[in-house]
Amino acid sequence: MGFIVQYRFLSARWFKAYSLIVIGALLIALGYVLFITPHMIVPGGIYGISIVMHHTLGTPVGLMALVFNIPLTLIGIKVLGPRFGAKTVTGFFLTSGFIDGFSWLLRDKSMIVDDPLLASIYGGAVIGLGVGLLFRAKATCGGTDVMAMMLGKWTRWPLGRLMMMVDSVIVVFGTLVFGDWKTPMYSLLAIFFMGKVIDLVLQGISYDKVVLVVSDEFEAIGNMIIQRLNRGATAIKGQGMFNNKQRQIIFVVLNRRELLMLQESVSKIDPKAFMIVMNADEILGQGFRSLHDKLSDD
């Protein structure tokens, strides 16, 4: 049972987790009903298959997703072990129920009538926000991630690649059924924005940078980082491949304002210094957000 995160019933963390699940499921349902389903966009997953069936056979999207999710989850538990707890089951039941409830109330009327491109962007963003909240609660809304996990166990392929393959097959399936080659482009846009918003919800907006500096004046640069920027830095031993010369590489994490100060100071100390600047999605530890605070928020 080590894969399942359990909270004491009616505790503060229990209320927080299930509040996130309810809000997340509500947003996912609104994203599908108001933007994705009316335009026959197929953003992969079980809900993508259900959208295809809805427009060809008239079956409810939520009900069909539930029909697929229940056996998939049961098979997943048998194959993978107890990775799917009550929160995941609650997540996909609520999502399916909200989807069909809103579909009945709104009669598949899109908020954006004549612009499927804009609908795919809005839909992907709203669904991504909902999925991100479910992930924050250590839950999912079911779907092809379970299938990808099982395939991963049998094939040993990376999970991300398998999920992409499964979703791609579903998008191609929707394209062939609908006979509209605009479908895959709108679907890929929805998937792209969904992923970006999920990352934003899970990691937040980060303005921090990771910098590597290679210079013969590494001691002076290191002292400047400590004294002027009040930041710690790490010296990493390296060796140049061209001349086999031993070099010291300075590794430091900064915000945008400090990065400008660093660049200005390094240019004065060693104009020939080699500097690499990378975006940092998330930084946890001393001087930044602590790992304890992140886990407490989750």
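Here the structure is shown first, and the text comes after it.
What you are looking at is a predicted structure, and each value in this text was computed from that prediction instead of being measured.

Help me out: how do you make sense of the overall build of the chain in this one?
Assigned secondary structure in the chain consists of 11 helices and 4 strands. Within the chain, the fraction of its 298 residues that count as buried is 44%. Nonlocal contacts in the chain, meaning residues at least 24 apart in sequence, comprise 73% of its contacts between residues at least 6 apart. Of the roughly 16,500 Å² that the chain leaves accessible, carbon and sulfur atoms contribute 65%.

It is not clear to me how the sheet that holds strand 1 (residues 209-214) should be interpreted in this structure. Could you clarify?
Sheets are built from strands paired through backbone hydrogen bonds, the pairs being either parallel or antiparallel. On the basis of which strands lie adjacent, the open sheet formed by 4 strands has the order 2-3-1-4 and antiparallel pairing. The sheet terminates laterally at strand 2 (234-239) and strand 4 (274-279), the two strands that pair on one side only. The sheet shows a mean angle of 25 degrees between the axes of neighbouring strands, taken without regard to direction. Bridging between strand 1 and strand 3 (residues 246-254) involves 6 bridges; their strand directions are antiparallel. Bridge pairing in strand 3 places K209 opposite L254. Across the face of the sheet, helix 9 (residues 218-227) comes into contact with strand 1 and strand 3 while running at roughly 15 degrees to strand 3.

Hey, could you run me through helix 2 (residues 45-57) in this one?
Two residues of an α-helix separated by three or four positions point the same way, owing to the 3.6 residues in each turn. If you check helix 2, its first and last C-alpha atoms are 18 Å apart, about what 13 residues at 1.5 Å a residue would give, namely 18 Å. Counting buried positions along helix 2 gives 10 out of 13 residues, so the element sits mostly inside the fold. Taken together, the buried positions of helix 2 are occupied by G45, I46, Y47, G48, I49, S50, I51, V52, M53 and H54.

Could you clarify how one ought to interpret unusual backbone geometry in this entry?
Of all residues except glycine, most have a negative phi; of all peptide bonds, most are trans. A positive phi angle is found at M40, which is not glycine, with a value near 55 degrees. Residue N230 is not a glycine yet carries a positive backbone phi of 55 degrees.

Is there a simple way to explain the environment of M163 in this structure?
One can find M163 in helix 7 (residues 159-178). Look at M163 and you get partly exposed, because its relative accessible area is 28%. Expressed as a C-alpha distance, the spacing of M163 and M147, which sit 16 residues apart in the sequence, is 8.2 Å.

Reading the values: rules and limits
- Residues numbered from 1 in each chain as written.
- Predicted model: local features only at pLDDT ≥ 70, side-chain atom pairs only at ≥ 80, totals over all residues.
- Heavy atoms only, no water.
- Helix = DSSP H or I, 4+ residues; strand = E, 2+ residues; numbered from the N terminus.
- Buried < 20%, exposed > 50% of the residue type's maximum accessible area, 1.4 Å probe, protein only.
- Contact = heavy atoms within 4.5 Å.
- Areas by Shrake-Rupley, 256 points an atom, 1.4 Å probe, with all protein chains shown as cover.
- Pairing = 2+ DSSP bridges.
- Axes fitted to C-alpha atoms, helices over the stretch in contact; angles between N-to-C directions.
- Expected span 1.5 Å × (residues − 1).

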